[in-house]
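# Topology and contacts: notes
Below are the chains, spelled out letter by letter.
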Amino acid sequence: MQLVVARIGRAHGIKGEVTVEVRTDEPESRLAPGAVLATDPPRPQPLTIERGRVHSGRLLLRFEGVQDRDAAEALRNTLLIAEVDPDEQPEDPDEFYDHQLVDLDVVTGDGTAVGRVEEVAHPPGQDLLVVRREDGGEALIPFVAEIVPEVDLAAQRIVVEPPPGLLDEAGTDEAGEPGAEDGRR
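What you see is a predicted model, and the numbers here were worked out from it, not measured in a lab. (Residues numbered from 1 in each chain as written. Predicted model: local features only at pLDDT ≥ 70, side-chain atom pairs only at ≥ 80, totals over all residues. Heavy atoms only, no water.)

## Quick look at the sheet that holds strand S2 (residues 17–22)
- An order of S1-S2-S5-S4-S3-S6 is seen for the 6 strands of this closed barrel, with the pairing classed as antiparallel. This sheet shows a mean twist of 50° between the axes of neighbouring strands, independent of strand direction.
- Pairing geometry for S2 and strand S5 (residues 58–63), over 4 bridges, is antiparallel. The residue bridging valine 18 from the neighbouring strand is leucine 61, located in S5. (Pairing = 2+ DSSP bridges. Helix = DSSP H or I, 4+ residues; strand = E, 2+ residues; numbered from the N terminus. Axes fitted to C-alpha atoms, helices over the stretch in contact; angles between N-to-C directions.)

This is the structure:
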């Protein structure tokens, strides 16, 4: 199975280094020298990491065969993809790969069905579970312990404790009455 582990940013310096936006919790193993990574968009050859270093809080990588700034800049916005054994589990029991969460049922603490995880989005700030609601709508649920206290892979479900308003339909009040949000009926 393939997992996106990073996105290449801009070139750094004149010797072929690039900045990298890390998208893995295991950069020390996934982005280590010698790692061979597929790319999106695809390249004729995978990229092999020659060396890496941290500079001013950002990871910089240099790839074999990328010798100058122009070659490095040509890689900008390329996704780096690692091949991972589908049975591999993250070291931390509270971490999950996206593929483990997709298609899990989502229920509230009292057992009310919410929907099914369609994908995991990774915007800045925090990850979001994109849930296809039972009524066909979509809910975005922050994937944080306060809201998602339980992920049970064996039972194929995620338990959520949503704060008020997170799962309410737009344009309805708590009783399901239209227009109550602005005080008019």
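Moving on from the model shown.
## Thoughts on the side chain of threonine 78
- Structurally, threonine 78 can be placed in the loop between helix H2 (69–73) and strand S6 (79–83).
- Taking relative accessible area as the criterion, threonine 78 reaches 6% and is therefore assigned buried.
- Residues in contact with threonine 78, not counting those within four places in the same chain, are Ala6, Arg7, Ile8, Thr39, Asp40 and Pro41. (Buried < 20%, exposed > 50% of the residue type's maximum accessible area, 1.4 Å probe, protein only. Contact = heavy atoms within 4.5 Å.)

## Things to note about the nonpolar core
- Counting 22 residues, the largest nonpolar core has Leu31, Leu61, Phe63 and Leu80 as its most contacted members.
- Those elements that provide at least two residues to this core are strand S1 (2–12), S2, strand S4 (47–55), S5 and S6.
- Per-element tally for this core: the top contributor is S1, with 5 residues.
- Among residues more than four places away in sequence, those in contact with leucine 31 are Val5, Ala6, Val22, Leu37, Ile49, Leu59, Leu61 and Leu80.
- In this structure, Leu104, Val120, Leu129 and Ile158 belong to the second largest nonpolar core, which totals 15 residues. (Core = buried A, V, L, I, M, F, W, Y, C linked by side-chain atoms within 4.5 Å.)

## Description of the environment of aspartate 105
- For aspartate 105, the position within the fold is in strand S7 (residues 105–108).
- Every residue in contact with aspartate 105, bar those within four places of it in the chain, is listed here: Gly115, Arg116, Gln156, Arg157 and Ile158.
- Only 2.9 Å separates the side chain of aspartate 105 from the side chain of arginine 116, close enough to count as a polar contact. (Polar contact = N/O pair within 3.5 Å; in protein donor to acceptor, adjacent residues only side chain to side chain.)

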